[in-house]
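Descriptive structure summary
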Protein chains: 2
Amino acid sequence: MTGGRRSSPAGDRPPVGCDRLSRGENLYNHGITPSTVRSALSSIHDVARAAGVSVATVSRSFTSPDAVAEATRARVLAVAQELRYAPNRAARGLITGRTGNVGLIVPDLGNPYFHGVLQGAQARARLADYAVFVADGQESAAEEEALIDAMRKQVDGIVLGSSRLAPVRLAALDHSPTVVLVNRRVAGRPSVVVDSADGMRQAVSHLAQLGHRRCAYVSGPRRSWSDRQRRRGLRAAAAAHEIEVVALGPVPPQFESGLRIAEAVVRSEATAVLAYNDLVAVGILRRLAELRIAVPEELSVIGFDDIPLAAMVRPALTTVALPTLRAGEAAVEILLDGLSAAGPRRPAARTLPATLIRRATTAAPRAT
Amino acid sequence: MTGGRRSSPAGDRPPVGCDRLSRGENLYNHGITPSTVRSALSSIHDVARAAGVSVATVSRSFTSPDAVAEATRARVLAVAQELRYAPNRAARGLITGRTGNVGLIVPDLGNPYFHGVLQGAQARARLADYAVFVADGQESAAEEEALIDAMRKQVDGIVLGSSRLAPVRLAALDHSPTVVLVNRRVAGRPSVVVDSADGMRQAVSHLAQLGHRRCAYVSGPRRSWSDRQRRRGLRAAAAAHEIEVVALGPVPPQFESGLRIAEAVVRSEATAVLAYNDLVAVGILRRLAELRIAVPEELSVIGFDDIPLAAMVRPALTTVALPTLRAGEAAVEILLDGLSAAGPRRPAARTLPATLIRRATTAAPRAT
DNA sequence: ATGAAAGCGCTAACAT
DNA sequence: ATGTTAGCGCTTTCAT
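Residues numbered from 1 in each chain as written. Chains lettered and ligands numbered in written order. Predicted model: local features only at pLDDT ≥ 70, side-chain atom pairs only at ≥ 80, totals over all residues. Heavy atoms only, no water.

Section: the sheet that holds strand S9 (residues 300-305) of chain B
Residue and element names in this part refer to chain B.
- Strand order in the open sheet made by the 6 strands is S7-S6-S8-S9-S10-S12, with mixed pairing throughout. Single-partner strands in this sheet number two, and they are strand S7 (244-248) and strand S12 (355-357). On average, adjacent strands in this sheet sit at an angle of 20° to one another, irrespective of strand direction.
- The pairing of strand S6 (residues 214-218) with strand S8 (residues 272-275) spans 4 bridges and is classified as parallel. Along S8, the bridge assignment pairs Ala216 with Val273.
- Across the sheet, helix H11 (residues 225-241) touches S6, S7, S8 and S9, and the angle it forms with S6 is around 170°.
- Contacts between helix H12 (residues 255-267) and the sheet are confined to S6, S7 and S8, with S7 contributing the most and set at about 150° to the helix. (Pairing = 2+ DSSP bridges. Helix = DSSP H or I, 4+ residues; strand = E, 2+ residues; numbered from the N terminus. Axes fitted to C-alpha atoms, helices over the stretch in contact; angles between N-to-C directions. Contact = heavy atoms within 4.5 Å.)

As for the protein's contact with DNA strand D
- In the vicinity of DNA strand D, 28 residues are found, and the nearest of them are A:Ile44, A:Arg92, B:Thr57, B:Arg60 and B:Thr72.
- The sugar and phosphate moieties of DNA strand D supply 64% of its atoms located within 4 Å of the protein.
- A:Ala91 places a polar main-chain atom, nitrogen or oxygen, 3.2 Å from a base nitrogen of DNA strand D.
- Residue B:Thr72 places a side-chain N or O atom 2.6 Å away from a phosphate oxygen belonging to DNA strand D.
- Counting residues per element, the ones that place at least two in the surface near DNA strand D are helix H4 (55-63) and helix H6 (89-96) of chain A together with helix H4 (55-63) and helix H6 (89-96) of chain B.
- No other element matches the 5 residues that H6(A) contributes to the surface near DNA strand D.
- When the residues that make up the surface near DNA strand D are grouped by side-chain class, the tally is 15 nonpolar, 8 polar and 5 charged. (Near = heavy atom within 4 Å. Polar contact = N/O pair within 3.5 Å; in protein donor to acceptor, adjacent residues only side chain to side chain. Nonpolar A, V, L, I, M, F, W, Y, C, P; charged D, E, K, R; others polar.)

Remarks on the confidence of the model for chain A
- Confidence in the prediction for chain A averages 88 pLDDT; 88% of positions are at 70 or higher.
- Predicted confidence is poor over residues 1-40 of chain A, with pLDDT under 50, and the contacts of this stretch with residues over four places away or in other chains come to 41 contacts. (pLDDT = per-residue confidence, 0-100.)

A few points about the protein's contact with DNA strand C
- The environment of DNA strand C is formed by 30 residues, the closest being A:Thr57, A:Arg60, A:Thr72, B:Ile44 and B:Arg92.
- The sugar-phosphate portion of DNA strand C accounts for 68% of its atoms within 4 Å of the protein, the bases making up the rest.
- At 2.6 Å, a side-chain N or O of A:Thr57 approaches a phosphate oxygen of DNA strand C.
- Within the backbone of B:Ala91, a nitrogen or oxygen atom sits 3.2 Å from a base nitrogen of DNA strand C.
- Only H4 and H6 of chain A together with H4 and H6 of chain B provide two or more residues apiece to the surface near DNA strand C.
- The element that contributes the greatest number of residues to the surface near DNA strand C is H6(B), accounting for 5 residues.
- Residues belonging to the surface near DNA strand C are distributed by class as follows: 16 nonpolar, 9 polar and 5 charged.

Comments concerning the relation of the copies chain A and chain B
- Superposing chain A onto chain B takes a rotation of 180° plus a shift of 0.0 Å along the axis, which leaves an RMSD of 0.1 Å. Each copy turns onto its partner about a two-fold axis. Across chain A, the smallest distance between a C-alpha and the rotation axis is recorded for A:Phe133, namely 2.2 Å.
- Taken as a fraction of all interface residues of chain A, those also at the interface in chain B reach 89%, which identifies the copy contact as same-surface. (Least-squares fit on C-alpha atoms with pLDDT ≥ 70 in both.)

Take a look at the structure:
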């Protein structure tokens, strides 16, 4: 593409942009062809010089195309492409106050739940030509705050997934840049949450219809907002369906927790168990199999999240699907919206629906 | 017009931090204390003024502490903390040529293999106080190149995981910033690869010892460097152990592929199957269970990667562990090393060992 | 429609 | 040891 077409009036100009290169790059570039050497390090000045216009015109050609004459713009753009020039976003940000970046901070990059959020956020950001920083808070509130501070000036907004920060700290956060919460709700902050209380309702109702009367719930981290939502949903639904609840846990939201808690589930004499998340549910499933307890015949199991794993185990896990990908997208969308919005407005608070996915780990309880 | 901002040419600038805030942020900040409101947007000038020193001294207090008097530095740092000042890295980068960022590009953020790489890269980068951009190439070479271009000026280096680029394109890539390859080897480029050929050797040798004489291999993407390594390792090891090989595939490296290929594996009459990766292996496992074919009694199965999933399924998957986390770490390490190194030197090429993890999907073939 | 020049926040000479 | 100043690459008045 680079070599062939020379339709522009700039075609006969000498190959420019090499003066920058001589700074030392070419120490590396021994046997490399000219087309390779043509560096991406050209600046707006190189383009201006090569196109025979001022830097202002080059800048305008990129940022407000209508402000420059058709022919000029075409020439500038052609030269720019030839030189592989693209505006330096950091420099641009210095003056515009916009970085073109967003940050994503999650408590644990190892948790599949956040992979969906990351994927969604990244995809949505890319659509708007935004780049995303990602960082792992290591389940620590302090680290999370440190990361926010580190990112602050480099981004136009931060998506905070399942923040481990206390509500007060969350509320006290700076408003620049904007922080969008995922899986948390705090007054005055934009957020996107999943209606997991309703998901719980669906799960319990499903169990009730199957005839279960006594269910166990293995709860997640005590300070987790999601867990509180689920417990709330559980209380309400259980009452409505006259189901007895055995509370187990709390446990860390991991596979190993499931392994460990499984026997307690059995001892509880519940005919069904709801786990804080799929990871725990799959752990339970695994241990149950070792214990030779048939699922779903002897015990029904329901998870939360619908991570890919849920469909891969055997029997396939019935679970409450939480749209993590969409949550990531939505968070970035809110961020971007807020940036383009003229004035301040009340913070967006999106709620995404949860959906029960019936697979193979739920059935009627064994007749007693 | 927003009058306040860039008014006075004569230096007497208004307290920036505050006028920024008044743009509307504090509409949200009702009952919040002054110390909270004090924005993080203060610049080096604010600190200099408040500490009664020049901006140069403030700068030095951060970048070369020894160059300023003990007492002065203490005062500056105190004021800085009070003002919640931290140097703007974009501005710093403009002059130093260092951004303090690295980029990570992978073909598919949904693939668990890359989650390890991401985690490792992020952790290692954070250790050096670097931030990481992450992007999803969507299994497309073109998108990958576009992402590289988009990142180029914002990072000091790029980690390219399992690049889908053709070798020529890879070789033709700019050397600024440095690109470190993961799971690819190309002349003149730093890289970290996992010795999966040796991993394959271990797997085949294990199978041979168990008594298998006929094995199937379900290969991954044709253009995948890893797949070529594995086939190479397989050929050699199979020859050495006098094992007959049935080649199946290629298939996309996903769970569903395993589901689909399982029957072909059975028809192949191999007594063991090696899958391109764990995802495919687990898919095979799943379908085999439906087919009521006992694993490992009737068929042994081995995967590659050792993603968390491998230990969670039942029976637990025997697999060749590839140190993805370490690969991510190593890649960033190489990047950082290269940045601090004085002159150019021959590109680092790290090879990480693969390890066979024997779990429950391999056993001696059924006596015939 | 275009150009000259100021300046975003910072660091690195070059003074003092 | 500290201050002054010249930019880094860019956008944006303000002139022309």
